[in-house]
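Listed here are the chains, written in short residue letters.
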Amino acid sequence: MSAGRGTGPVAVLFGLAAVAAAGFAAAYVLDAGTQWLGVTLGLAIVSLAHGLAVWARRLLPSGGYVETNPELATRSRILPVPVIHEESPASHPGLRRLLLLAVGTLGLAALFPLRSLVGPRFSGPVEELRATPWRAGRRLVDTRNEPVRPDDVGPDSIVVTYPQDHREAPGAPVFVVRLDPAAPATDPAGIDGLVAYSLLCTHAGCPVGQYEPDVGRVFCPCHQSAFDLRAGARPVSGPAARPLPSLPLRVDADGYLSAAGELSSPPGPGYWSRP
């Protein structure tokens, strides 16, 4: 097959890959939907891969090649030195330019989805974790989306709650426990022995779901951090270095627990609160 006939399909495939990659970027900007994103990205990758395969199969030389040694051939007087016809790989500058165009377009198009990591008004995932839906007057609801009353929290239980109408928000879950009224507590945000803290460990964000009422401590099962709820959820063991953020509580007019303000600090790992 001649070089000219072999370069045609490769050029078409590389050009198609570049056009499809540009189409992927346009589909993302225009919010055309995941179907168009998948079709254009898949077509770009398949066309590029197929073009490289055709190039390797049709245009690159195959077989072994022997470089002639004139000096050795001159010295040999018994048998002639076998020489295989030399052939160097064909040079295709046009295909190389198309290949660079296809790869470059695909690489640039792959940068467009990075915009999805930025939330509304360029808040980003970090800002969403810093700002939670907890506000003064927002009720605490349980896993069944039912409002929580103070009597729903027993002396030996831990109740996981969420801000009403915002159960899926990042950093939203808090737990409520009733501390022993005979034991002193230093958290001024609690009411009638009830205290509420973020459920997310300040080390790596795991849920701190193990509660020991006798000592007033909660434990993180991931890395064994322990927090003393009688001392403002201060970490007393494990890798966590920051207290659990507290949620001030109050009882609304209907007798349900609600927030008296926001969390005392950003929930979750400490690095979320860094600039």
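Keep in mind that what you see is a predicted model, and the values were worked out from it rather than measured. (Residues numbered from 1 in each chain as written. Predicted model: local features only at pLDDT ≥ 70, side-chain atom pairs only at ≥ 80, totals over all residues. Heavy atoms only, no water.)

Undergrad: With reference to specific residues and values, describe the nonpolar core.
TA: Residues Val 10, Phe 14, Leu 48 and Trp 55 are the most contacted members of the largest nonpolar core, which totals 21 residues. Elements supplying a minimum of two residues to this core: helix 1 (3-29), helix 2 (34-59) and helix 4 (93-111). Ranked by the residues each element gives to this core, the list is headed by helix 1, at ten residues. With near-sequence residues (within four places) excluded, Phe 14 lies in contact with Leu 48, Gly 51, Leu 52, Trp 55, Leu 95, Leu 98, Leu 99 and Ala 102. Ranked by size, the runner-up nonpolar core spans 17 residues in total, among them Phe 175, Leu 179, Ala 233 and Ala 240. (Core = buried A, V, L, I, M, F, W, Y, C linked by side-chain atoms within 4.5 Å. Buried < 20%, exposed > 50% of the residue type's maximum accessible area, 1.4 Å probe, protein only. Helix = DSSP H or I, 4+ residues; strand = E, 2+ residues; numbered from the N terminus. Contact = heavy atoms within 4.5 Å.)

Undergrad: Describe in detail the pattern of salt bridges, supporting the description with residues and values.
TA: Within this structure, the stated rule accounts for four salt bridges. Residues Arg 139 and Asp 252 are paired through a salt bridge, measuring 2.7 Å at the closest nitrogen-oxygen approach. With Arg 139 in the loop between helix 5 (124-130) and strand 1 (140-141) and Asp 252 in the loop between strand 9 (249-251) and strand 10 (257-259), this pair connects stretches of sequence that are 113 residues apart. Between Asp 254 and Arg 139 there is a salt bridge; the shortest N-O distance is 2.6 Å. One end of the pair, Asp 254, is in the loop between strand 9 and strand 10; the other, Arg 139, is in the loop between helix 5 and strand 1, with 115 residues separating them in the sequence. Connected via shared salt-bridge partners are Arg 139, Asp 252 and Asp 254. (Salt bridge = Lys/Arg side-chain N within 4 Å of Asp/Glu carboxyl O.)

Undergrad: Describe the pairing of strand 8 (residues 234-237), and please don't skip the residues or the numbers.
TA: Two elements, strand 7 (residues 226-228) and strand 8, share three bridges in a ladder whose sense is antiparallel. Bridge assignment links Phe 227 to a residue of strand 8, and that residue is Pro 235. Where strand 7 folds back onto strand 8 in an antiparallel hairpin, the turn is made up of five residues, including Gly 232, whose phi is positive at roughly 70 degrees. (Pairing = 2+ DSSP bridges.)

Undergrad: Pulling in residues and values, what's your account of the pairing of strand 2 (residues 158-163)?
TA: Strand direction decides the pairing type here: strand 1 and strand 2, joined by two bridges, are antiparallel. Opposite Leu 140, over in strand 2, you have Pro 163 as the bridge partner.

Undergrad: Can you tell me about the state of the cysteines, naming the residues and giving the values?
TA: Under the definition given, this model contains one disulfide. Note that Cys 206 is cross-linked by a disulfide to Cys 222, the S-S spacing being 2.4 Å. An S-S torsion of about -110 degrees defines the bridge between Cys 206 and Cys 222 as left-handed. Note that Cys 206 is positioned in the loop between strand 4 (194-198) and strand 5 (210-212) and Cys 222 in the loop between strand 6 (217-219) and strand 7, a separation of 16 residues in sequence. Residue class for Cys 222 comes out partly exposed when judged on its relative accessible area of 38%. For the unlinked cysteine Cys 201, the closest cysteine sulfur is that of Cys 220, found at 4.0 Å. Residue class for Cys 201 comes out buried when judged on its relative accessible area of 1%. (Disulfide = S-S within 2.5 Å.)

Undergrad: Explain unusual backbone geometry residue by residue, including any values.
TA: For residues besides glycine, phi is generally negative; the peptide bonds are generally trans as well. Positive phi is not limited to glycine here, since Asp 31 has a value of about 55 degrees. By secondary structure assignment, the location of Asp 31 is in the loop between helix 1 and helix 2. Asp 31 sits in the exposed class, given a relative accessible area of 66%. One non-glycine residue with positive phi stands out, namely Ala 233, at about 60 degrees. Turning to its location among the elements, Ala 233 is positioned in the loop between strand 7 and strand 8. Classification of Ala 233 as buried rests on a relative accessible area of 0%.

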